[in-house]
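Observations on the model geometry
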Amino acid sequence: MPSISTHNLVVEFGGTSILHGIDLDIPAGEWLNIIGPNGAGKTTLLRSLLGTIDHGGRIEFGGAVVDKPQDRARILAYVPQSPVIPPGMFVADYVMLGRTPHRGVFGRDSDTDLGVAVDVLTRLDLAGFAEREVRSLSGGERQRVVLARALAQQTDILLLDEPTTALDLGHQQDVLDLVDDLRRERGLTVVATLHDLTLAARYGDRISVIADGRIVESGTSTEVLTTETIAKHFGANVRIIDDPDGPVIVPATTDRSRS
Amino acid sequence: MTIETARLQPGALAAGVGAVLVAVVAGLTIGPVGIAPKSVLFALLDALPGISVDSGLSGLHEAIVQEIRLPRVVLGLLVGATLSMSGAAYQGAFRNPLADPYLLGIAAGAGLGATVAITQNLGDGAGFGDPVPLAAFAGALLAVVMSYGAGHIGGRSTASLVLAGVAVASFLTACQTYVLQANSDAFREVYSWILGRIATSGWSEPVVMLPYFVLAVAVLLRYRRALDILAVGDEEAQALGINPRRVRIHVVIAASLGAAAAVSVSGLIGFVGIIVPHVVRLAFGASYRILIPLSILFGGAFMVLADLAARTLVEPAELPIGVVTAFLGAPFFVIVLRSTRREVW
């Protein structure tokens with residue numbers, strides 16, 4: 001069950017620094033939410049963990065550096081913010097893409113691969129969708145299918161990049177509840193970027209705030225989500241309401257909004 | 001619960017094989033001299049080693065089948081299959097429905113090579129070892145190398161490679177126009193080459209084409225599942241553990257070699273590389289596990305039938321085959337599009 005740690009993680013694009021020496025330690029089985037304003041480096045951090053962009057510093061999974069893409073894809077699965085849904089692709093084929101790290105580019109579908117896909121589709125209540133085209137599904141169903149592909153990879157780590165962006169409130173809850181259930185069932189380590197601060201407070205164990213490419217705050221939701229922190233890093237004037245399930249962040253009425 | 005994943009269904013395979021058989025029989029039997037299908041079949045069997053069958057054909061008719069029509073039909077199959085599978089592969093590698101085998105400047109490079117060879121009176125464009133197809137082949141490969149070189153400078157993205165192909169094609173077309181302007185007496189011959197033709201002088205063209213066809217088929221069939229993975233984009237493909245750049249370069253090299261060989265023996269035949277794969281997508285599904293093998297079969301059959309139309313519609317003259325492929329293919333594509341109404345891109 002690998003943990004994640006980064007040491008002095010640095011990313012530059014065209015001479016501009018995007019991440020400045022990020023140090024993170026995420027124990028196995030933890031759910032860490034990463035929040036921050038637009039352009040702070042949240043997605044870049046996930047892509048670095050994923051290995052899809054060049055970076056400096058060191059990233060370890062379970063204490064080891066994993067360079068080979070196929071090996072990394074057996075350790076961590078990714079749910080992108082805007083997944084590319086190929087036209088004409090059926091749900092069963094899309095979910096089977098998740099078996100690529102185990103099967104290789106040239107391998108055939110084994111009974112094990114098909115069995116894993118069936119298990120995942122059943123677990124996510126998608127069994128009746130196997131022969132539907134992914135593009136024909138609603139936003140919520142589609143997001144579950146993307147999650148199913150990630151789960152078919154049978155990894156210990158799940159990276160979620162804004163998994164609720166395109167969803168209504170009900171589907172946001174459905175998806176995050178599902179991730180939470182799966183995490184408990186399978187002991188997954190989850191790293192998610194989220195824009196909605198109340199959702200970030202409600203789900204997960206810890207929150208890290210990233211701003212200007214640096215981790216500037218880390219801790220539990222009540223430690224991190226304060227009016228001062230949010231004002232400082234998001235430039236937002238908010239009120240925080242204490243709730244038994246975690247803090248609720250609501251925009252405060254300002255003189256400008258009143259007028 | 002069980003699930004079905006994309007695979008080539010027996011019915012679809014039978015349809016592809018059937019299309020090839022129909023095209024081959026039509027290509028061998030129809031022409032200025034009509035020959036019965038049964039006689040053609042017996043003549044072909046008779047030509048096989050160890051088999052002796054009386055076809056009932058005269059020596060002249062037997063020669064027409066075996067030395068004129070059969071090489072031409074085989075060349076049509078090879079060229080059509082290669083162009084359509086290369087087109088399908090390019091569309092998958094670049095995730096672009098308008099990609100065709102000429103995307104990286106192959107047409108322009110081949111055109112320049114052929115124009116130089118023709119204007120310098122190096123050959124007449126026919127026969128094994130003739131300088132025109134050799135120059136066309138060299139020009140096509142040069143264009144691909146230039147496109148890859150320029151695309152690499154531009155950041156190695158798919159878009160920069162496609163743009164580099166456009167720039168290289170424009171540059172080589174300009175060179176071709178300049179050479180042609182300086183040798184206007186060769187205009188007709190060059191234009192005839194550009195319009196394409198499936199003409200053979202015996203078996204030399206199919207023999208030249210065969211190794212590149214075999215190479216392209218072997219590589220592209222092997223990579224058909226990888227093309228399905230590339231459909232989710234480079235980042236997600238990489239997150240699934242494959243190296244999209246490596247897959248793309250292998251696919252493009254195989255498809256380009258095949259397309260360059262096809263261009264060198266048949267000139268520039270447009271349309272096939274785009275429309276046949278799209279018709280197959282609409283009719284049988286978008287997975288490259290289905291698309292690549294069926295593009296081979298239907299592309300070959302389509303080219304043989306197009307060549308048949310080219311040589312019979314205005315007998316004794318021949319229409320340029322590029323005109324026929326577009327003239328027949330475009331309405332057919334619209335009919336398939338209307339009847340299936342599927343979204344494939």
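Report follows, based on the coordinates.

Reading guide: rules and limits
- Residues numbered from 1 in each chain as written.
- Chains lettered and ligands numbered in written order.
- Predicted model: local features only at pLDDT ≥ 70, side-chain atom pairs only at ≥ 80, totals over all residues.
- Heavy atoms only, no water.
- Contact = heavy atoms within 4.5 Å.
- Buried area = accessible area lost by both parts, 1.4 Å probe.
- Polar contact = N/O pair within 3.5 Å; in protein donor to acceptor, adjacent residues only side chain to side chain.
- Helix = DSSP H or I, 4+ residues; strand = E, 2+ residues; numbered from the N terminus.
- Nonpolar A, V, L, I, M, F, W, Y, C, P; charged D, E, K, R; others polar.
- Salt bridge = Lys/Arg side-chain N within 4 Å of Asp/Glu carboxyl O.
- Buried < 20%, exposed > 50% of the residue type's maximum accessible area, 1.4 Å probe, protein only.
- Expected span 1.5 Å × (residues − 1).
- Pairing = 2+ DSSP bridges.
- Axes fitted to C-alpha atoms, helices over the stretch in contact; angles between N-to-C directions.

If you look at the interface, chain B gives 29 residues, while chain A gives 42 residues. Across the chain B to chain A interface the summed buried area is about 2900 Å²; carbon plus sulfur atoms make up 60%. At the boundary of chain B and chain A, one finds 9 residue pairs in polar contact (both at pLDDT 80 or more). Breaking the side of chain B that touches chain A down by element, the ones donating at least two residues are α9 (224–230) and α10 (234–239) of chain B. Split by residue class, the side of chain B that touches chain A holds 14 nonpolar, 5 polar and 10 charged.

We now examine the pattern of salt bridges. If you walk through the whole model with that rule in mind, you get 20 salt bridges over all chains. The salt bridge partner of A:Asp180 is A:Arg183, with a shortest N-O separation of 3.4 Å. Of the two residues, A:Asp180 and A:Arg183 both sit in helix α7 (residues 169–186), 3 residues apart, roughly one turn of that helix. In this structure A:Arg183 comes out as buried when scored by relative accessible area, which is 8%. One salt bridge connects A:Arg202 with A:Asp243, and the closest N-O pair in it is separated by 3.5 Å. Of this pair, A:Arg202 sits in helix α8 (residues 197–202) while A:Asp243 sits in the loop between β10 (238–241) and β11 (248–251), placing them 41 residues apart in sequence. In this structure A:Asp243 comes out as partly exposed when scored by relative accessible area, which is 32%. Via salt bridges that share partners, A:Asp93, A:Arg103, A:Asp109, B:Arg225, B:Asp228 and B:Arg289 belong to a single interconnected network.

What follows is about helix α6 (residues 158–182) of chain B. Residues and elements named next belong to chain B. Here α6 spans 36 Å end to end across 25 residues, near enough to the 36 Å set by a 1.5 Å rise per residue. All of the buried residues along α6 are Thr158, Ser160, Leu161, Val162, Ala164, Gly165, Val168, Ala169, Leu172, Gln176, Val179 and Leu180. Buried residues along α6 sit in contact with α3 (59–94), α4 (106–119), α5 (131–153), α7 (187–195), α10 and α11 (244–266).

Another point: the sheet that holds strand β7 (residues 189–193) of chain A. One key point about sheets: their strands pair by backbone hydrogen bonds, in either a parallel or an antiparallel sense. All names here are of chain A. The strand order across the open sheet built from 6 strands is β5-β6-β7-β3-β8-β9, with neighbouring strands paired in mixed fashion. Looking at which strands have only one partner, the edges of the open sheet turn out to be β5 (76–79) and β9 (214–219). Taking the axes of each pair of neighbouring strands and ignoring which way they run, one obtains an average angle of 20° across the sheet. Bridge count between strand β6 (residues 157–161) and β7: 5 bridges; the pairing is parallel. Looking across to β7, one finds that Leu160 is bridged to Ala192. Against the sheet, helix α1 (residues 42–50) engages β3 (31–35), β5, β6, β7 and β8 (206–211), with an angle of about 150° to β6. Relative to β5, helix α6 (residues 139–152) is tilted by about 165°, and along the sheet it contacts β5 and β6.

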